[in-house]
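Analysis of the macromolecular model
Now for the letters of each chain:
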Amino acid sequence: MKKLFLTALAVVSALGLSAQRASDSSEFSFWDTDEVEQSIVIGPRVGLNFSNYSLDKLDDSNLSTKVGFSAGLAVEFPIVRSFYINTGLFYTVKGAKEDSSEEGYTDKLTMTAGYLELPVYASYRLNFAEESQLQVNFGPYFAYGVNGKMKFEDGDEKYDMDMFGVADEDDEDSKGGFKRIDFGLGVGLGYTFHKVYLGMNYQFGLVNIADKEQWGKASIKNSNFNISLGYNF
C-alpha cells in the first residue's frame, strides 16, 4: 500500500509540475486571496479503496488488504482561490481479509463493511493556471456503518454473519461485534484539469470500532487508502 501511495503521489506531483511549466509565471502564486466567482463546486466521485484494520491487543491475527469501492457526491466551498472547504456524502466499502492454512485445510475470513461517510477537509489550492489546480486536503471524517458481513470458509463449510452489533446470548455467532460509528482523519492530494478530478486520500481511524462486550480489550481501527476519479460542475 505504501508503494501505491508513493506512486500516486509522484503522478499527481508530475501533473502539477507540468502544468506549472505550461502556465504564465507572472500569474503563478503560492497563496491567492482573490475571490472565486463560483460560490460552490459539486461533482460525482468514484474510486477504489485499499483498506485494512489497525489491531492492538489481538493475538493470532494476520489480516491483509481488501479492495473495495467508493461513490458519492463531492461539495466544495471556496473561501478564496487558495483555500476551500471540501465535504460531500459518500458510500464507501472497507474491511479486511485473512487466509490461513494448516494440515491441508484452508480457512478464510472476509470482512466487508459499508459506510455512509461525511468528510470535512480543509483544502489548500495551488493554481498553476486557469484550468489547472493542485489541492492538499486534511481534516476529519465521520462515518456510519449501514451494512456489513463477515464471511467464513472453513474447509468445505461456509457461513456468514452481520458485522455490526453484539452477539445474542443464545447465539454467539449471530453478530460480529463491530460498532457502527467511525471517526478519523484524512490526508490527501488532488489534481483538477479542465474539470476532471484525480485524487488520492489516506484515512486513519481514531475510534475503536470493536465493542468491548464482545471483543474485550482488543482495539480495531479502520485504515484506508483511496484513489478516486471525478468531474466538477
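Going by the structure above, here's the rest.
Residues numbered from 1 in each chain as written. Predicted model: local features only at pLDDT ≥ 70, side-chain atom pairs only at ≥ 80, totals over all residues. Heavy atoms only, no water.

Brief notes about the environment of Phe-193
Quick reminder of the rule: Secondary structure is summarised from DSSP: a helix means a run of H or I of at least four residues, a strand means a run of E of at least two, and numbering begins at the N terminus for each. For every residue, the accessible area obtained with a 1.4 Å probe (protein chains only) is divided by the maximum for its type, and the residue is called buried under 20%, exposed over 50%, and partly exposed between those limits. Only heavy atoms enter the contact rule, under which two residues are in contact if any of them lie within 4.5 Å.
Take Phe-193: it is sitting in strand 9 (residues 181-193). Residue classification places Phe-193 among the partly exposed positions, given a relative accessible area of 42%. Each C-alpha atom of the pair Phe-193 and Glu-131 lies 5.5 Å from the other, and the pair is 62 residues apart in sequence. Not counting residues within four places of it along the chain, the set of residues in contact with Phe-193 comprises Glu-131 and Ser-132.

Concerning the pattern of salt bridges
Going by this rule: By definition, a salt bridge exists where a carboxyl oxygen of Asp or Glu is found within 4 Å of a side-chain nitrogen of Lys or Arg.
As enumerated under the stated definition, the model contains five salt bridges in all. Of the charged contacts, one joins Arg-81 and Asp-32 as a salt bridge, the two residues approaching to 3.0 Å between their closest N and O atoms. In this pair, Arg-81 sits in the loop between strand 2 (66-80) and strand 3 (83-102) while Asp-32 sits in the loop between helix 1 (2-22) and strand 1 (41-56), placing the two residues 49 residues apart along the sequence. Owing to a relative accessible area of 12%, Asp-32 belongs among the buried residues under this scheme. One salt bridge in this structure joins Asp-162 and Lys-149, with 3.0 Å as the shortest N-O distance. Of the two residues, Asp-162 sits in strand 7 (residues 157-164) while Lys-149 sits in strand 6 (residues 132-154), which places them 13 residues apart along the sequence. By relative accessible area, which is 31% here, Asp-162 ends up partly exposed.

Focus on the nonpolar core
The line we're drawing: Nonpolar core, defined: a set of buried Ala, Val, Leu, Ile, Met, Phe, Trp, Tyr and Cys residues in which side-chain atoms within 4.5 Å join the residues together.
In terms of nonpolar packing, the biggest core is built from 18 residues, with Tyr-53, Met-111, Met-150, Met-163 and Phe-178 touching the most fellow members. Elements represented by at least two residues in this core include exactly strand 4 (105-119), strand 6 and strand 7. Ignoring any residue separated from it by four or fewer positions in sequence, one finds Met-163 in contact with Tyr-53, Met-111, Thr-112, Ala-113, Gly-148, Lys-149, Met-150, Gly-176, Gly-177 and Phe-178. The next biggest cluster of nonpolar side chains, apart from the first, holds five residues, and it includes Phe-50, Leu-189, Tyr-202 and Phe-225.

Points about a nonpolar patch on the surface
Definition in use: A patch consists of residues exposed above 30% relative accessible area that lack any salt bridge, with like charges linked at up to 9 Å and nonpolar side chains (Val, Leu, Ile, Met, Phe, Trp, Tyr) linked at up to 5 Å. What sets the accessible areas is the Shrake-Rupley method with a 1.4 Å probe; for residues, cover comes only from the shown protein chains.
Judged by side-chain polarity, Ile-40, Ile-42, Val-46, Leu-73, Phe-77, Val-196, Leu-229, Tyr-231 and Phe-233 come together as a nonpolar surface patch covering roughly 780 Å² of accessible area. Going through the elements one at a time, strand 1, strand 2 and strand 11 (219-231) are the ones with two or more residues in the nonpolar patch. The residue Val-46 is located in strand 1 in this model.

Considering unusual backbone geometry
We note that His-194 has phi near 55 degrees; this positive angle belongs to a residue other than glycine. His-194 sits in the partly exposed class, given a relative accessible area of 45%. At Lys-195, a residue that is not glycine, the phi angle is positive and equals roughly 75 degrees. Tracing the chain through its elements places Lys-195 in the loop between strand 9 and strand 10 (196-205). The partly exposed category is assigned to Lys-195, whose relative accessible area is 41%.

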